[in-house]
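Working through the structure, step by step
Each chain, letter by letter, is given below.
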Amino acid sequence: MAALEPWAGLLDGIFAVTHPEQFQSSRTLFDRMRQSGGAAGEAASTWPFSFNSVQVLLNRSSLRHRDPNTMPGWFDMLVTLGTYGQTGILEMGTLGVSVPYDSGTVVLLTSRLIQHGVPRVVGDRICYAMFMVEAVFRRYGMKTKGFVNIRDVLR
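The following paragraphs examine the structure supplied in this document. Counting restarts for each chain: residues are numbered from 1 in the order of the written sequence. Per-residue local features of the predicted model are confined to residues with pLDDT of at least 70, and side-chain atom pairs are confined, for both listing and counting, to 80 or more; whole-chain, interface and lining totals are unaffected and use all residues. To get the side-chain values, take all heavy atoms of the structure and skip hydrogens and water.

Topic: the nonpolar core
Our working rule: Only buried Ala, Val, Leu, Ile, Met, Phe, Trp, Tyr and Cys residues count toward a nonpolar core, and they belong to the same one when joined by side-chain atoms within 4.5 Å. A 1.4 Å probe rolled over the protein chains alone gives each residue an accessible area, and that area as a share of the maximum for its type sets the label: buried under 20%, exposed over 50%, partly exposed in between. Secondary structure elements follow DSSP: runs of H or I of four or more residues count as helices, runs of E of two or more count as strands, with numbering from the N terminus.
Residues Met-77 and Met-130 are the most contacted members of the largest nonpolar core, which totals 20 residues. Of all the secondary structure elements, the ones that give two or more residues to this core are α1 (8-18), α2 (20-36), β3 (76-82) and β8 (125-131). Broken down by element, the residue count for this core peaks at 4 residues, all from α2. Leu-78, Leu-90, Leu-109 and Cys-127 belong to the second-largest nonpolar core, a separate cluster that totals 10 residues.

This is the structure in structure tokens:
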């Protein structure tokens, strides 16, 4: 996570421009967490991203899958870094496409709806998968909803 901290502002900027409503909802959540004090408030004060959860994957391939614990219509952000050069591919089976997934790539997708996976690469790869956990929003009295018209995604 420390490696991404200098880039947190850039990643949040991408998120704010591409999905302003979801970004603003996240900022409101973190404001409420900070105001609540305690361990959650302290964590929210130092957390570098607008997404409330991050999973770190190191040198992993993954079969095509969907992430059932994210909310339909919410966007997740994948950031891939490493020494594997220009050999990465991100497969999005739901959309019927495979796209370059080189080191330094940032992808926003609705991972509950879009089947996605990555094959092995030669070299080292780290992926930061950032997403929202709905229960955290509920814990701070925020109603949740999807931020994307699902029909637009599946066209």
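Examining the packing of aromatic side chains
Centre distance and the angle of the planes are the two values used to describe a pair of aromatic rings. Let me state the cut-off plainly: Stacked, tilted and edge-to-face are the three classes applied to pairs of Phe, Tyr and Trp rings, where Trp contributes its six-membered ring and a pair requires centres within 6.5 Å; stacked means planes under 30 degrees apart, edge-to-face means over 60, and tilted covers the rest. Lysine NZ or arginine CZ positioned within 6 Å of the ring centre and within 35 degrees of the ring normal marks a charge as sitting over the ring.
For the coordinates displayed, the defined rule picks out 4 aromatic pairs. Here the aromatic rings of Phe-15 and Phe-51 are separated by 4.4 Å at their centres, their planes lie at 25 degrees, and the arrangement is stacked. With a gap of 36 residues between them, Phe-15 in helix α1 and Phe-51 in the loop between α3 (38-46) and β1 (53-58) connect regions that are remote in the sequence. Judged on exposure class, the residue Phe-15 and its partner Phe-51 are both buried. Between Trp-74 and Phe-137 the ring centres are 5.1 Å apart and the planes differ by 65 degrees, which places this aromatic pair in the edge-to-face class. Remark: Phe-137 occurs in helix α4 (residues 134-139) and Trp-74 occurs in the loop between β2 (62-65) and β3; sequence separation between them is 63 residues. There is no split in this pair, since Trp-74 and Phe-137 are both buried. Grouped by ring-pair contacts, the aromatic residues Phe-15, Phe-23 and Phe-51 constitute a single cluster. Stacked on the ring of Tyr-84, the Lys or Arg Arg-125 has its end atom at 5.6 Å from the ring centre. Above the face of the Tyr-140 ring, Arg-139 is positioned so that its terminal group lies 5.1 Å from the ring centre.

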